[in-house]
Structures are given as C-alpha cells and as structure tokens.
Amino acid sequence: MSDAQTDRAERRSGLRTIRKVAPYLWPEGETWIKRRVVLALTMLVVAKLVAVGTPVLYKGAVDTLAEEGVPMLALGAVGLTVAYGMARLLNVAFQQLRDALFAPVGQRALRRLALQTFAHIHRLSMRYHITRKTGGLSRIIERGVKGVDFLLRFLLFSIGPLVLELVLVAIILTVLFDFWYLIIVAVTIALYVWFTFRVTEWRVKLRREMNDQDTDANQKAIDSLLNYETVKYFGAEAREAARYDRAMQAYERAATRTAYSLAFLNTGQSFLITCGLVGVMVLAALGVQSGALTVGDFVMVNAYMIQITVPLNFLGTVYREIRQSLVDMGEMFDLLEQPAEVTDKADARPLQVSGGRIELKDVHFGYDPEREILKGISLTVPAGQTVAIVGATGSGKSTVGRLLFRFYDVTGGALTIDGQDLRDVTQNSLHDAIGVVPQDTVLFNDTIRYNIAYGRDGATQAEIEEAARAAQIHDFITTLPSGYDTAVGERGLKLSGGEKQRVGIARTLLKNPPILLLDEATSALDSDTESEIQTALARAGQGRTVITIAHRLSTIADSDEIVVLDQGRIVERGNHETLLSHDGRYAMLWNRQQMDQEAA
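The name given to the protein in an unreviewed UniProt entry is ABC transporter ATP-binding protein/permease, with the source organism recorded as Pontibaca salina. The UniProt entry for the protein carries this comment under Subcellular location (unreviewed entry): "Cell membrane".

If you want it as structure tokens, here you go:
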C-alpha cells in the first residue's frame, strides 16, 4: 500500500487522530503530566476493584438477614450494610479523584491544540484566507478542540474501565457460579457491542450530515451578519431569512433522522440487555430453588448484571461520541496539515534595512497560474523616495503591494529590499519593516486606544496620542464621551469610513516603520480631510521609502516618480509634469478625473 493510501486509510479509521493526540498524554520532558496520568489510571483500577467487590458485601448482608450461609467476617447484617455503603462511597470517591487528577492534563491538551490551530491559521497564506468561510472554519475549530478533552477522557475512562470491569465480572461469575453464566453474559455483551457499533456507524453518517448542515447554516448566518449594511441597502432581510431557513430546514431533517436512529439504538440495546439479564436471573433462580445458591447469590448476580448494564448503556453514546470526535478532530488536523504557501527558508535571516531601497526585477506573478497579473515588471524605488503606482482597475497595482508584504511569492523574477531577496529573509522582520495603510481599514471590536496601540505593542498613552494627532484624529477622539476608551464596534462599524481610515493611519504611524505602503489610503476621505491627511502622510513619509498605490491621481502629484501600469506592464514612468507633457496614458487618466471633478 502506498503512503498516500495509508494516510487515507488512517484518516478513515481515526488512527491518525489517535496518533496525533497520544503525545498530549505522555509528552516528552513533562514529568508532572506523566505522573498525573499514572495516578489517574491507578485511581481508575482501584475504583473498579472496589466496584466489583461491592456486590459481594451486598450478598453477605442479604444472606445474614435471611439466616443463610455464614456471616461474612462475623460483621453481621448491619456491619455488612455499612461496609456496602462505604464501598459504594469509595467507588465514587476514587472516580472523582481520578477525574480531578486528569483534569489539568485534558485542559492543557485542549489549550495547546487550540493555540497550535490558531497560530497555524495565521500562518496560512492570503490565498487560503480569501477562499475560506469564517463561519464554517470557526465551527471546525470549535468542534475539533472540544473533541480533544472528550477523546482523551473517554478513551481512558470509559472504554478501558468498561473492558476491565467486564473481565473481572466474567471471572467472578465463572469462579463463584457456573460456566453457563459466563456464556450468557459473553453472548449478551457480544451481541450488544455488535448491534451498538453497527447502528452507531450508521448514526455517525447521519451525525456528519447534521454537522455539515449546521456548519452551512452557521456560515450563512455569519456571512449575512458581516454584510449587514449590504442586506439593508438591498432590502434583502426576508431573502436572507429565507436563505437561512432553508439551511436550517436541511439541518432539521438531518437532526430528526438522528433522533429517530437514537430511539432505535436505545430500544435495541434495552432488548438485548434485558434478554441477557433475564437469562442469568433465571439460572440463579433455578439455583436458589434447588438449594445450590442462596438468596444472597441471586441478589449478587442481579447486582453484577445491573453493574455492567450501566456502562454498557453508555457504550453506544461513548462510541458515537468518540467516532464523532475522531471525525471532528480529523477535520481540524486536516486544517493543521494545510500547507502554508509562503514560508521562511531554513536559513532565512532577519531583514536588515539600511535605507529602504526597493527593487522589482522582471517580476512575474499570477493568482491563477493560467492568468498572469504582472508580466515582467522592473522598478526601482530609491531609499527615502516616494513612488506612486497608478493604473486602471485590474492593472496589477495592488498586487505589487501584496508581493512587497509577501502575502504571496513572485512566480518569476525577484523583489528585494536593500539588495535582500524577500524570499531569503524572515517574514516577521519583513512585516516589522513595512507599515501598511490599506484601502479599507478593518478595526478590532475594541476601543480606539486598543486599535491605535495595535501598531506597537507596549506603546504609551503619550505615543498613542502623538500618532493620533499626526493622523488628524486626536481632536475628534477628545470630543467623544469615552475618549480613547470609545468602543468602535465589530470591524469598526461605529465609526465613519474617514474616521476608521484615520485610526488605521495613526496605527501605522505608531508602528514607525522605515517603509510605508499606502494602498489608496485616503480613498474613504472627503476632500478637506484628504488634504489634511495627505499633509500628515507626507510628513510621516519624510526619511522613509514610500510606495503609494492610488486611483485618485491628485493625491500622488507630488511623488518623486509615478509609474503607470496597464494590464500588468509598466507603460509610463516619470514625475507628474513629465507624464502630462507626454500626453499618454497618465495624461488621459488625469484629464478624465479633472473633468469628473468639475462635473461634480
């Protein structure tokens, strides 16, 4: 069997998931976890030994009361009854101690796996995040992480103890009674397990379908809520409700089938257990009638059957949940195995910015291999200068910014900063060196202070206010009732477009990077505010290398050089006056925008 076929088989069987989870139970170099696992397992065995011995005390009490047999250890009926109660209490106490000992192990595994998944998602490429569905992704992570604790706990504390208890009970029934008791119990358990697993496998498929419908409905709900304004603009509330209801209707059907299957499972389990219980009790009753057994023996057999019935009743639920946990965690491990498109080389070094000279050398790139966006661009941005990139929509100007920040790697040519190929430096150092003000600033659902301070971890209030003044937003913030503690809402929806943009600019100015990338940074501002921000950005750009990606040409007229892109190629370059005198593509775009402004 090939490696690929082996991987697929392991995915289906859940072996891959178990193999990945097992190290959390026995991690290298962490003795305290191993010690807790051993102690928890010890408590488990002790609890089961006490549980198996408890019916013997019950039998002794009954026989004493019935004046049959010899009183056990001369304790008498009252003493045996007390001992029986103490045994039951100790059984529960050892189980609770087992859970308490294991709790830190399970919670630590849950936290570490959640952190690993969270960090990995942030490492995935822009291409993945553009195509992902936030609602569906959040459910995969939520179900997968919850499955960790369940899987660890129930594999150790449900399946293992059940097997141990069944073996001990089988030995006792064989030694104290008759081989036929073992046969009836063994056949009952075998039929019960077979029936439970077969029906549960069917139920897992139904549950998986239910989860898929749940994920789909959740994704549609989140997508609709994130696009709240668009829904309102087009009066589509009823349409969105109907769309969500269709998804929930499919979930309802799947959930109903799941409920029906559970009823069938419970009924079948009860029938098999009852048959086995009646069979054993009939044998015991015949033994009592013949004088071979005492009433206490009859009671003890009944106690053992009930004792093994309780965990068996949960077997279907436990097996289904374990199978579902394996499915849920399998989806999460698929996510963890999703390769990061852009990664650091093994020998990658931190970027050393001496001046900030940026150079594109015959750069080729396409989001789709069959559709090239940039077709051999060569461009040099001298240290400390401002270069603007303009062009029609789809010309590739924003793509240059994404490549500079290394959201993607070039497919041909090279992109360097101070002579260092971006593919040879660490992404963290590259990101630290570049400040980006995007076209649409997205804010965290927190305060204005938090969002500005996000630019530099540990920034003081004075530094935050200085950045806000430079972005022309400090005065506005001071007029708010809560000032810098004003909550901005999800994605910053409580602020206007211009206010959000200025918070984003302040955040970038606080970062204080040697290179600035302004991706249509003033597109959401009115003319007066745009003029103020342009002054602030010009001041912020002094001594820095600045790349400005712009649609509004009036914002880049003072640039040291303007590069005009058309269909992925540079068609013109020069300063504002030079390009106007050429009467080419730039002059045409300029004249058109001037006419639009005059008409407005």
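**Let's talk about the sheet that holds strand S1 (residues 358-365)**
Strand order in the open sheet formed by four strands is S2-S1-S4-S5, and the pairing between neighbours is antiparallel. Each edge of the open sheet is held by one strand with a lone partner, namely strand S2 (374-381) and strand S5 (420-421). Against the sheet, helix H12 (residues 397-404) contacts S1, S2 and strand S4 (412-417), and its axis sits at roughly 115° relative to S1.

**Quick notes on the UniProt feature "transmembrane region" (unreviewed entry) in the protein**
The sites that UniProt annotates as "transmembrane region" (unreviewed entry) are residues 37-58, 70-90, 150-173, 179-200, 271-292 and 298-319. Summarising residues 37-58: 100% helix, 0% strand, and an end-to-end C-alpha distance of 32 Å. Structurally, residues 271-292 comprises 91% helix and 0% strand, and the distance from its first C-alpha atom to its last is 29 Å.

**Overview of helix H10 (residues 295-313)**
Taking 1.5 Å of rise per residue, 19 residues should cover 27 Å, and H10 covers 27 Å from first to last C-alpha, within 8% of that figure. Taken together, the buried positions of H10 are Gly296, Asp297, Val299, Met300, Val301, Ala303, Tyr304, Met305, Gln307, Ile308, Thr309 and Leu312. Where H10 begins, one side-chain oxygen reaches toward the backbone nitrogen of Gly296, 3.3 Å away; that side chain belongs to Thr294.

**Topic: a nonpolar patch on the surface**
There is a patch of nonpolar side chains on the surface, built from Val163, Val167, Ile171, Val175 and Leu176 and spanning about 450 Å² of accessible area. Assignment of secondary structure puts Leu176 in helix H6 (residues 134-176). Classification of Leu176 as partly exposed rests on a relative accessible area of 48%.

**Things to note about the packing of helix H7 (residues 179-226) against helix H9 (residues 237-290)**
At a minimum axis distance of 9 Å, the contact between H7 and H9 shows a crossing angle of 170°. Accordingly, the angle class assigned to the pair H7 and H9 is roughly antiparallel.

**What to know about the pattern of salt bridges**
Considering all chains together, one arrives at 15 salt bridges under this definition. For Glu237, the salt bridge goes to Lys232, with nearest N and O atoms at 3.1 Å. Glu237 gets classed as partly exposed once you look at its relative accessible area, which sits at 36%. The partner of Arg406 in a salt bridge is Asp409, with the nearest N and O atoms 2.6 Å apart. Within this structure, Asp344, Arg406 and Asp409 form a network of salt bridges that share partners.

**Observations concerning the nonpolar core**
Of all hydrophobic cores here, the largest spans 31 residues; its most connected members are Ile358 and Ile417. In this structure, Ala471, Ile473, Leu518 and Ala540 belong to the second largest nonpolar core, which totals 27 residues.

**What to know about the side chain of Asp421**
Looking at the secondary structure, you find Asp421 in strand S5. Of note is the side chain of Asp421, whose polar atom sits 2.9 Å from the backbone nitrogen of Arg423. Apart from residues no more than four positions distant in its own chain, Asp421 is found in contact with Ala414, Leu415 and Thr416.

**Let's talk about the environment of Asp99**
Residue placement: Asp99 occurs in helix H4 (residues 76-123). By relative accessible area, which is 23% here, Asp99 ends up partly exposed. With 58 residues separating them along the chain, Asp99 and Leu41 place their C-alpha atoms 9.9 Å apart.

**Describing the pairing of strand S8 (residues 545-549)**
Among the five residues that make up S8, five are buried, leaving the element largely enclosed by the rest of the structure. Side chains Thr545, Ile547 and Ile549 project from S8 onto one buried face, and the interleaved Val546 and Thr548 project onto a second face that is buried too. Relative to S8, strand S3 (residues 386-391) runs parallel, the two sharing four bridges. Paired with Ile389 across the two strands is Ile549, which belongs to S8. Looking at chain direction, strand S7 (residues 515-519) and S8 are connected through five bridges and run parallel. Its bridge partner lying in S8, Ile515 is registered against Thr545.

**Comments concerning the packing of aromatic side chains**
Here the structure, examined in full by the defined rule, presents nine aromatic pairs. Centre to centre, the rings of Phe365 and Tyr408 are 5.4 Å apart; their planes meet at 50°, and the pair counts as tilted. Linking Phe365 in strand S1 with Tyr408 in the loop between H12 and S4, this pair joins segments that are 43 residues apart in sequence. Overall, Phe365 belongs to the buried group, its relative accessible area being 1%.

**As for helix H15 (residues 461-470)**
Of all the residues in H15, the buried ones are Ile464, Ala467 and Ala468. When H15 is viewed along its axis, its buried side chains cluster within an angular range of 100° and face the same direction. The exposed residues of H15 that point more than 90 degrees off its buried face are Ala462 and Glu466. Where H15 is buried, its residues meet helix H14 (448-453), helix H16 (474-479) and helix H17 (497-511). Looking one or two places after H15, you find Gln472, whose phi comes out positive at around 60°.

**Regarding the packing of H15 against H17**
One way to put it is that H15 packs onto H17 with a least axis distance of 8 Å and a crossing angle of 125°. Our classification of the angle between H15 and H17 gives oblique. In this structure, the crossing between H15 and H17 has a hand that is right-handed. Where H15 abuts H17, its residues Glu463, Ile464, Ala467, Ala468 and Ala470 lie against Ala506, Leu509 and Leu510.

**Brief notes about the sheet that holds S3**
Pairing is mixed across the open sheet formed by six strands, whose spatial order is S6-S7-S8-S3-S9-S10. Two strands close off the open sheet at either side, each with one partner strand: strand S6 (434-437) and strand S10 (569-574). The mean inter-strand angle of the sheet, taken between neighbouring strand axes irrespective of direction, is 20°. Here strand S9 (residues 561-566) runs beside S10; their pairing, made up of five bridges, is antiparallel. Its bridge partner lying in S10, Val564 is registered against Glu572.

**Quick look at the side chain of Arg203**
Its location among the elements puts Arg203 in helix H7. Here Arg203 falls in the buried class, since its relative accessible area comes to 2%. There is a polar contact of 3.2 Å between the side chain of Arg203 and the backbone oxygen of Thr258.

**Brief notes about unusual backbone geometry**
Here the phi dihedral of Asp418 falls at roughly 50°; this positive angle occurs in a residue that is not glycine. Among the secondary structure elements, Asp418 is positioned in the loop between S4 and S5. Assessed through its relative accessible area of 22%, Asp418 is described here as partly exposed. Here the phi dihedral of Asp583 falls at roughly 55°; this positive angle occurs in a residue that is not glycine.

Conventions used here
Numbering of residues begins from 1 in every chain and follows the order in which that chain's sequence is written. pLDDT decides what is reported in this predicted model: residues at 70 or higher carry local features, side-chain atom pairs at 80 or more are listed and counted, and totals for whole chains, interfaces and linings draw on all residues regardless. Only hydrogens and water are set aside when side-chain values are computed; all heavy atoms of the structure are taken into account. UniProt positions are given in the numbering used here, feature names are shortened, and annotations may be inferred rather than shown by experiment. Two strands qualify as a pair provided that DSSP identifies no fewer than 2 bridges between them. What counts as a helix is a DSSP run of H or I of at least four residues, what counts as a strand is a run of E of at least two, and both are numbered from the N terminus. The contact criterion used is simple: two residues touch if any of their non-hydrogen atoms lie within 4.5 Å. Convention adopted: a line fitted to C-alpha atoms gives each axis, helices being fitted over their contacting stretch, and angles between N-to-C directions are expressed from 0 to 180 degrees. By this rule, a helix spans an expected 1.5 Å times one less than how many residues it contains. Classification of residues uses two cut-offs on accessible area relative to the type maximum, computed with a 1.4 Å probe and protein chains only: under 20% is buried, over 50% is exposed, and between them is partly exposed. Polar contact criterion, stated in full: a pair of N or O atoms within 3.5 Å, where within protein one must be able to donate a hydrogen and the other to accept it, and residues adjacent in sequence count only if both atoms are side-chain atoms. Each patch groups residues whose relative accessible area exceeds 30% and which form no salt bridge, using 9 Å between like charges and 5 Å between nonpolar side chains of Val, Leu, Ile, Met, Phe, Trp and Tyr. Every accessible area reported is derived by Shrake-Rupley at a probe size of 1.4 Å, with residue values counting cover from the shown protein chains alone. Salt bridge, as used here, is a side-chain nitrogen of Lys or Arg placed within 4 Å of a carboxyl oxygen of Asp or Glu. Each angle is binned into one of four classes, with values under 35 degrees roughly parallel, values over 145 roughly antiparallel, values of 65 to 115 roughly perpendicular, and all other values oblique. Within this scheme, the nonpolar core is defined by two criteria: the residues are buried Ala, Val, Leu, Ile, Met, Phe, Trp, Tyr or Cys, and they are joined through side-chain atoms within 4.5 Å. Only Phe, Tyr and Trp rings are paired, with Trp represented by its six-membered ring, and only when their centres lie within 6.5 Å; those with planes under 30 degrees apart are stacked, over 60 edge-to-face, the remainder tilted. Working note: the arc is built from the helix axis to C-beta atom directions. Here is the rule for handedness: rotate from the far helix to the near one, and if that takes an anticlockwise turn smaller than a right angle the crossing is left-handed, while a clockwise turn gives right-handed.

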